[in-house]
Amino acid sequence: MSTGFDRDPDEFSRGARAVVVYPDMGGSSRDPEARLEETAGLALAIGVDVVERAALRIRAPKPGTLIGSGQVDALAETVRDREIGLAVFDAALSPVQQRNLETALGCKVIDRTGLILEIFGERARTAEGRLQVELAHLDYQAGRLVRSWTHLERQRGGFGFLGGPGETQIEADRRLIRDRMARLRRELDSVTRTRGLHRERRQRAPWPVIALVGYTNAGKSTLFNRLTGADVMAENLLFATLDPTLRQISLPGIDKAILSDTVGFVSELPTQLVAAFKATLEEVISADLLIHVRDIAHPDSEAQRDDVEAVLTEIGVDPETPRFEAWNKLDLLDDERRSAVRDEAARREDVLAVSALSGEGVDALIEAVAGRLTEGHRRYRVRLDASDGAGAAWLHQHGEVLDHWIEDEAAIYEVRLAPKDHERFEVRNG
């Protein structure tokens with residue numbers, strides 16, 4: 001992805017030797033080793049060769065470097081000895097901290113936000129995805145021009161006879177970034193309107209929407225493929241899926257439904273990306289049911305669950321939206337642990353234990369989803385033109401027709417429908 005304001009071309013060169021640093025400031029429910037493993041996986045996702053990992057305990061963050069001076073010296077020695085060209089900090093660094101660390105370590109330094117933005121920049125495939133990533137990247141980069149550019153002190157003269165003293169290069173660059181961001185937002189607004197029209201069309205159709213959500217690498221795309229027979233990219237790779245994918249599926253008692261596979265979430269997801277990807281995540285916001293896919297074999301599964309729920313709240317998902325937790329990756333558990341997980345899931349109405357890879361438990365998940373979507377159906381009497389065959393077919397497809405008769409040249413139907421389906425039917429006939 002090119003924004004016109006890119007970093008040095010070799011900053012993220014593939015195969016670069018890197019050290020991953022986790023500044024452990026305490027108070028986190030996460031296991032430091034699991035956190036290092038995740039960040040190393042993020043670095044691997046952009047082709048970086050992680051040759052060293054370090055969890056550094058920090059009593060109080062240093063304003064200039066985040067970590068202590070002794071830790072900086074030790075890290076600098078490691079960088080020299082192992083010929084490391086990139087240090088990845090699993091934390092948010094200020095521009096000043098990033099610049100100071102680069103000077104002290106003698107290598108490129110990026111923080112968690114920069115790393116995730118780089119991954120998204122490589123993975124976005126659709127025009128919308130690229131727009132969203134570029135907008136997030138520019139928003140992040142705008143505050144770091146003091147670090148990223150070497151020509152910032154140059155002065156631009158004014159134009160014409162009344163140009164005045166001109167503006168510094170950094171001011172011009174910031175203005176260009178603001179202008180570019182404004183154009184991107186206008187383009188994304190257009191995409192959002194188009195997506196809204198598509199959603200309205202589906203609601204008039206109308207079919208229920210089921211959205212898969214979850215932490216990155218939890219197995220959403222594998223489950224999506226299992227449920228739909230699709231061939232969405234599903235690899236043991238963080239952020240393997242960025243652009244949303246929609247497929248039509250059939251469920252017991254439901255002729256058609258739309259299943260949506262969405263971008264995976266991650267702890268401390270950059271706010272720039274949450275804002276930029278709201279257009280994509282609108283499928284989640286408007287879904288009739290959510291399936292929260294969890295990697296139950298991961299040591300931080302509970303903390304990952306909390307991170308996903310926090311992002312769902314941030315993007316505006318109604319807490320009353322029906323949802324299931326699919327405890328995925330049973331195939332990675334030993335017999336004792338698998339039995340315990342299945343017993344715990346059986347005690348809860350909103351949890352099903354599955355293996356998207358082997359198919360274990362997936363049929364039960366399908367039955368549960370269909371049951372949740374059809375529960376609470378009520379009895380309605382609806383009136384159609386006698387010639388409205390499409391309307392009659394719709395009622396048969398989405399509800400249970402209990403009786404029907406002709407009255408005053410109109411067809412009267414007694415039908416059992418979900419309240420939301422009845423609303424959709426009213427919109428269709430409105």
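Residues numbered from 1 in each chain as written. Predicted model: local features only at pLDDT ≥ 70, side-chain atom pairs only at ≥ 80, totals over all residues. Heavy atoms only, no water.

Asks: For the sheet that holds strand β11 (residues 323-328), give the residues involved together with the corresponding values.
Replies: The strand order across the open sheet formed by six strands is β8-β9-β7-β10-β11-β12, and the pairing between neighbours is mixed. At either end of the open sheet lies a strand with only one pairing partner, and these are β8 (245-251) and β12 (351-353). Strand-to-strand, the axes of this sheet are offset by a mean angle of 25°, without reference to chain direction. Direction of pairing for β11 relative to β12: parallel, over a ladder of three bridges. Within β12, the position partnered with Glu 325 by the bridge is Val 351. (Pairing = 2+ DSSP bridges. Helix = DSSP H or I, 4+ residues; strand = E, 2+ residues; numbered from the N terminus. Axes fitted to C-alpha atoms, helices over the stretch in contact; angles between N-to-C directions.)

Asks: Which residues make up the nonpolar core, and what are the values?
Replies: Here is a general trend for soluble globular proteins: nonpolar side chains tend to be buried in one another's company. Ranked by internal contacts, the top residues of the largest apolar core, which has 38 residues, are Leu 115, Phe 265, Val 284, Leu 290, Leu 312 and Ile 315. For this core, the element with the highest residue contribution is helix α4 (residues 112-123), accounting for four residues. In this structure, Leu 251, Phe 324, Ala 326 and Val 354 belong to the second largest nonpolar core, which totals 23 residues. (Core = buried A, V, L, I, M, F, W, Y, C linked by side-chain atoms within 4.5 Å. Buried < 20%, exposed > 50% of the residue type's maximum accessible area, 1.4 Å probe, protein only.)

Asks: Tell me about the sheet that holds strand β2 (residues 49-57), and name the residues and values.
Replies: In a beta sheet, neighbouring strands pair by backbone hydrogen bonds and run either parallel or antiparallel. Read across the open sheet, the four strands follow the order β2-β1-β3-β4; overall the sheet is parallel. Because the sheet does not close on itself, it has two edges, and the strands there are β2 and β4 (108-111). Taken pair by pair, the neighbouring strands of this sheet meet at an average axis angle of 20°, ignoring direction. Bridging between strand β1 (residues 17-24) and β2 involves eight bridges; their strand directions are parallel. Bridge pairing in β2 places Ala 18 opposite Val 50.

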